[in-house]
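Residue-level structure breakdown
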Amino acid sequence: MPSLLSTLGTAVLLSPQELMKLIRSAPRRYKVYEIAKRTPGQFRVIAQPAKEVKALQHWVMNHFLNQFPVHAAATAYCVGHGIADNVRPHLNSKFLLKLDFKNFFPSLTAQDFREFIEKQKTTLAEGDIEALSRILFWKPKKTNDLLLSIGAPSSPLLSNLLLMDFDVNVSASCEKIGVAYTRYADDLSFSADVSSKLQEIERAVVTLCRQMKSPKLTINPGKTVRVSKRDSRRITGLTISNDARVFLGRDQKRRIRASVHHYVTGRLAKEQQLELKGMLAYVNAVEPSFLARLRKKYGSDVIRHIQTGS
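A brief structural summary. What you see is a predicted model, and the numbers here were worked out from it, not measured in a lab.

Conventions adopted
Once a new chain begins, its residue numbering starts again from 1 and follows that chain's sequence as written. The model is predicted, so local features are restricted to residues of pLDDT at least 70 and side-chain atom pairs to those at 80 or more, both for listing and for counting; the totals for chains, interfaces and linings are taken over all residues. Excluding hydrogens and water, the side-chain values take into account all heavy atoms of the structure. When two rings of Phe, Tyr or Trp (its six-membered ring) have centres within 6.5 Å they constitute a pair, described as stacked for plane angles under 30 degrees, edge-to-face for angles over 60, and tilted for the intermediate range. Under the scheme used here, helices are H or I runs from DSSP no shorter than 4 residues and strands are E runs no shorter than 2 residues, and both carry numbers assigned from the N terminus. Remark: exposure states derive from per-residue accessible area (1.4 Å probe, protein chains only) relative to the maximum for the residue type, with buried under 20%, exposed over 50%, and partly exposed in between. By definition, two strands form a pair when at least two bridges between them are found by DSSP. Note on definitions: angles span 0 to 180 degrees between N-to-C directions of axes, and those axes are lines fitted to C-alpha atoms, for helices only across the stretch in contact. Salt bridges are counted wherever a side-chain nitrogen of Lys or Arg sits within 4 Å of a carboxyl oxygen of Asp or Glu. Each nonpolar core is a collection of buried residues, namely Ala, Val, Leu, Ile, Met, Phe, Trp, Tyr and Cys, held together in the definition by side-chain atoms within 4.5 Å. Here a residue-residue contact requires only that any non-hydrogen atoms of the pair lie within 4.5 Å. For the purpose of charge, His is not counted, nor are the chain termini; Lys and Arg are scored as positive and Asp and Glu as negative. One fewer than the residue count of a helix, multiplied by 1.5 Å, yields its expected span. An arc is given here, and it is the one of the directions from the helix axis to the C-beta atoms.

1. Focus on the packing of aromatic side chains
Summed over all chains, the structure comprises nine aromatic pairs. Ring plane angle 50° and centroid distance 6.0 Å describe the contact between F113 and F137, whose orientation is recorded as tilted. One end of the pair, F113, is in helix α4 (residues 110-119); the other, F137, is in the loop between α5 (126-136) and α6 (155-162), and 24 residues separate them in sequence. Both residues of the pair, F113 and F137, count as buried.

2. Some points on the sheet that holds strand β6 (residues 225-228)
Read across the open sheet, the four strands follow the order β4-β5-β3-β6; overall the sheet is antiparallel. The open sheet is flanked by β4 (180-184) and β6, the only strands paired with a single partner. For this sheet, the mean inter-axis angle between neighbouring strands, taken without regard to orientation, is 15°. Judged from the six bridges that link them, strand β3 (residues 95-100) and strand β5 (residues 187-192) form a sheet pairing that is antiparallel.

3. Observations concerning the pairing of β5
Across the six residues that make up β5, a large majority, five, are buried. One ladder, built from five bridges, connects β4 with β5; its direction is antiparallel. When the bridges of β5 are listed, T182 appears paired with S189. The antiparallel hairpin formed by β4 and β5 contains two residues in its connecting segment, where A185 sits at a positive phi of about 60°.

4. As for the pattern of salt bridges
Counted by the stated rule, this structure contains 12 salt bridges. Residue E130 pairs with R134 through a salt bridge whose shortest N-O separation is 3.9 Å. Residue E130 and its partner R134 are both found in helix α5; the two are separated by four residues, about one turn of the helix. Overall, E130 belongs to the partly exposed group, its relative accessible area being 32%. Note that D167 and R183 form a salt bridge whose closest N and O atoms lie 2.9 Å from each other. With D167 in helix α7 (residues 164-177) and R183 in strand β4, this pair connects stretches of sequence that are 16 residues apart. Of the two residues, D167 and R183, neither departs from the other in class, the shared state being buried. Through salt bridges with shared partners, a single ionic network connects R114, E126, E130 and R134.

5. With respect to the nonpolar core
Formed by 59 residues in total, the largest nonpolar core has its most connected members in F64, L65, F101, F113, F166, F190 and V205. Leave out the neighbours within four places in its chain, and F101 touches L163, F166, R183, A185, D186, L188, C209, L217, T218, I219 and N220. V87, I240, V260 and L268 belong to the second-largest nonpolar core, a separate cluster that totals 25 residues.

6. Observations concerning the side chain of K139
Along the chain, K139 falls in the loop between α5 and α6. The charged side chain of K139 is buried without a salt bridge, its nearest counter-charge being E130 at 7.6 Å. Excluding its chain neighbours within four sequence positions, the residues that come into contact with K139 are P27, R28, R134, N144, D145 and L146.

7. Side note on the sheet that holds strand β9 (residues 246-248)
In space, the three strands of this open sheet follow the order β7-β8-β9, with antiparallel pairing throughout. Two strands in the sheet have a free side with no partner beyond their single neighbour: β7 (233-235) and β9. Averaged over all pairs of adjacent strands, the angle between strand axes in this sheet comes to 40°, irrespective of strand direction. Here β7 pairs with strand β8 (residues 238-240) via three bridges, running antiparallel. Of the residues in β8, the one forming a bridge with R233 is I240.

8. A few points about helix α9 (residues 250-264)
In this model α9 runs 21 Å from its N-terminal to its C-terminal C-alpha over 15 residues, within 8% of the 21 Å that 1.5 Å per residue would give. Among the residues making up α9, those that are buried are Q252, K253, I256, S259, V260 and Y263. Along the axis of α9, the buried positions cluster into a sector of 125°, meaning they face one direction only. What points out from α9, more than 90 degrees from its buried face, is the exposed set R250 and R254. Against the buried residues of α9 lie β9, α10 (270-286), α11 (288-298) and α12 (300-308). Of the residues flanking the end of α9, it is G266, one or two places downstream, whose phi is positive at about 75°.

9. Details of the environment of P140
Along the chain, the position of P140 falls in the loop between α5 and α6. Between the C-alpha atoms of P140 and I235, which are 95 residues apart in sequence, the distance is 32 Å. Setting aside chain neighbours within four positions, we find P140 in contact with R28, D145 and L147.

Note that all results are geometric; they support no functional claim without further evidence.
See below:
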């Protein structure tokens with residue numbers, strides 16, 4: 001049976017020597033830039049792999065990583081799941097707790113991946129594991145660390161795989177006391193009809209993060225949210241009404257309307273048009289009645305052109 005690397009080399013039309021040369025340099029082949037966060041003065045570091053590294057990552061995703069299961073509580077980046085699936089388990093609960101990981105993707109390392117692979121009892125040789133680590137992880141300048149980057153196509157799926165043990169442990173704790181749990185990347189949502197249950201789970205999650213050796217996760221206390229039905233309950237950008245309906249928030253709708261208007265007036269860059277296309281698919285999945293109102297205001301042809309990219 002051919003090795004993983006020889007199969008990869010054949011797929012991307014590279015000789016063994018060419019493939020190994022690319023793999024050795026892969027962790028440094030990233031375009032790095034910053035985008036502003038909502039908090040003034042804070043920025044998110046994006047590291048986007050070169051197209052040849054992306055090609056390797058896509059192959060690894062489709063021919064290796066996809067064989068491993070993702071926990072049911074993890075709703076982000078999963079085929080057949082949308083952002084609304086992250087909200088539905090919490091619709092009928094009175095109390096909501098939201099926790100957030102600090103520096104989520106960069107906190108996941110090649111060593112975490114190695115430990116994950118060792119637990120799977122695969123037949124991968126040491127050389128294959130080392131090569132996969134270099135393909136999938138980014139090495140920032142002035143460091144020898146291999147980190148998961150925000151910007152690599154393989155990072156979302158890999159993050160879900162590396163958090164399997166975390167999700168298993170948290171889900172078990174929640175099931176014992178009747179708490180609903182979902183995780184959308186670094187956003188953790190918990191709901192229950194008794195607030196003390198959420199206090200118990202919050203302590204359990206913080207303790208679990210401290211005890212886990214791999215991956216090493218940290219809760220960001222500044223982003224912890226505790227609300228009830230008396231407050232505005234929002235999960236990953238969606239609002240839950242008191243009658244258990246999910247809808248887009250007013251600010252989100254305002255931004256979408258503005259983007260459509262800019263498209264109509266020719267002031268939306270190509271990259272922003274692609275983003276708007278994704279936003280409309282999101283709207284259609286969450287609140288199709290709002291999409292119908294956009295069609296009525298701007299015309300069906302305009303919305304169809306945005307959706308098809310034509």
